[in-house]
Amino acid sequence: MIGLFGGTFDPVHFGHLRVALDVVQHLQLEQLRLLPLAAAVHRRQPQASPEQRMAMLQAAICDEPCLVADDRELKRGGPSYTVDTLHTFRDELGSQAPLCLLVGADAFESLPDWHRPLDILGLVHLVVMQRPGAPTARDPWLREQVEQRRTDDPAALRLQASGLIYFQTVTQLDISATRIRRLLAQGKSPRYLLPDAVLAMARANRCYAV
Ligand SMILES: Nc1ncnc2c1ncn2[C@@H]1O[C@H](COP(=O)(O)OP(=O)(O)OP(=O)(O)O)[C@@H](O)[C@H]1O
Ligand SMILES: O=C(O)c1ccc[n+]([C@@H]2O[C@H](COP(=O)([O-])O)[C@@H](O)[C@H]2O)c1
């Protein structure tokens, strides 16, 4: 079973990387694809270019074979609707292969505002990476989806192609790309919040300098 993890990755940091590995190991994924978005449909546009974000991501995961950078959203260009991306995976893998989409708890809470959220649930399982005991699904539609689709058995994710929601508690690292960009813009060091190779690339290319 493979997993998909989309993000702005502006830049990728240890918060993304550690939870990615947590899920790979817990669900025994053969591979996890990390997909940098081209144009955000829901937030400010990334500061670093698509090429820079992709290069930083590749540098971050080059020695971890189960993590693979996937540039299909960057190549497609335009607004990166997740549902469009998932259709391209279904075209490649067929309708029967189990497929998991990883989302952070904050991204999951905003799912009702995404483009075609019900279609998304028909295309993949959702793996929600959360804090222990955190409240989930404040939105009534989302709460209903969780009631209908939740499984606590990871083995169930392999028995059908899509449609389930699984909550996984992951390592809590209070790291955000926003903070890293801010530190760099202030001339301060974000070292130890992200891989050294990523930081070196961000500095060399002045991705976040003011
Ligand atoms: N520290 C973290 N721990 C767990 N999940 C995270 C963490 N940071 C980001 N994520 C999740 O990774 C995905 C991609 O996040 P994104 O690339 O926007 O990073 P970010 O650090 O939240 O960026 P920004 O600060 O620019 O909003 C989202 O689903 C988000 O919830
Ligand atoms: O398709 C949508 O409507 C949609 C709306 C909001 C977020 N997403 C996706 O959710 C992922 C996490 O987004 P972000 O902002 O936390 O980096 C990323 O892959 C986005 O493309 C997708």
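In the block above lies the structure referred to throughout.
Here's a quick rundown of the structure. Here the structure is a predicted model, which means the values were calculated and not measured.

Here we take up the overall build of the protein. Tallying secondary structure elements over the protein gives nine helices and six strands in all. For 210 residues, the compact-globule estimate of 2.2 N^0.38 gives 17 Å, and the protein sits close to it at 17 Å. The principal-axis extents of the C-alpha atoms in the protein amount to approximately 50 × 35 × 30 Å. The 210 residues of the protein split such that 39% are buried.

Moving on, we get to the site of ligand 2. Of all residues adjacent to ligand 2, which total 14 residues, the nearest are Gly6, Thr8, Thr82, Trp114 and His115. Mapped onto the shell around ligand 2, the elements with two or more residues apiece are strand 1 (2-7) and helix 4 (82-93). A breakdown of the residues in the shell around ligand 2 according to their chemical character gives six nonpolar, seven polar and one charged.

What follows covers the site of ligand 1. Among the 17 residues in the neighbourhood of ligand 1, the closest are listed as Gly7, Gly15, Gly104, Ala177 and Thr178. Elements with a contribution of two residues or more to the shell around ligand 1: helix 1 (14-27), strand 4 (99-104), helix 5 (105-109) and helix 8 (177-185). When residues in the shell around ligand 1 are grouped by element, the largest group, three residues, is from helix 1. Across the shell around ligand 1, the residue classes break down as eight nonpolar, seven polar and two charged.

Moving on to the pairing of strand 1. Burial of strand 1 is extensive: five of the six residues sit out of reach of the surface. In the sheet, strand 1 pairs with strand 2 (residues 31-36) via six bridges, with the strands oriented parallel. Residue pairing in the sheet places glycine 3 in a bridge with leucine 32 of strand 2. In this fold, strand 1 hands off to helix 1, which returns the chain to strand 2; that crossover is right-handed. Of the strand pairs in this sheet, strand 1 and strand 4 are connected by four bridges, and their pairing is parallel.

Put simply, aspartate 10 and proline 11 share a cis peptide bond, and its omega is 0°. The residue glutamine 28 is not glycine, and still its phi comes out positive at about 50°. When the 11 C-beta atoms within 10 Å are taken as the criterion, glutamine 28 is described as exposed.

Moving on: the sheet that holds strand 6 (residues 165-169). Spatial strand order, 3-2-1-4-5-6: six strands in an open sheet with parallel pairing. Unpaired on one side and paired on the other, strand 3 (67-69) and strand 6 mark the two borders of the sheet. Neighbour-to-neighbour, the strand axes of this sheet turn through a mean angle of 30°, independent of strand direction.

With three bridges connecting them, strand 2 and strand 3 associate as parallel partners. Residue leucine 34 lies in a different strand from strand 3, and its bridge partner there is alanine 69. Note on the crossover from strand 2 through helix 2 (residues 50-61) to strand 3: the handedness is right-handed.

In this section: the nonpolar core. Ala20, Val23, Leu34, Leu57, Leu102 and Val127 are the most contacted members of the largest nonpolar core, which totals 55 residues. For this core, the element with the highest residue contribution is helix 1, accounting for six residues. The residues touching leucine 57, leaving out its near neighbours within four places in the chain, are Phe9, Val12, Leu34, Pro36 and Ala69.

The rules behind each value
- Residues numbered from 1 in each chain as written.
- Chains lettered and ligands numbered in written order.
- Predicted model: local features only at pLDDT ≥ 70, side-chain atom pairs only at ≥ 80, totals over all residues.
- Helix = DSSP H or I, 4+ residues; strand = E, 2+ residues; numbered from the N terminus.
- Rg over C-alpha atoms; globule rule 2.2 N^0.38 Å.
- Buried ≥ 20, exposed ≤ 12 C-beta atoms within 10 Å, placed from the backbone.
- Near = placed C-beta within 6 Å.
- Nonpolar A, V, L, I, M, F, W, Y, C, P; charged D, E, K, R; others polar.
- Pairing = 2+ DSSP bridges.
- Right-handed = clockwise from strand over helix to strand, strands pointing away.
- Axes fitted to C-alpha atoms, helices over the stretch in contact; angles between N-to-C directions.
- Core = buried A, V, L, I, M, F, W, Y, C linked by C-beta atoms within 7 Å.
- Contact = placed C-beta atoms within 7 Å.

Spatial relationships are all this shows, so hold off on functional conclusions.
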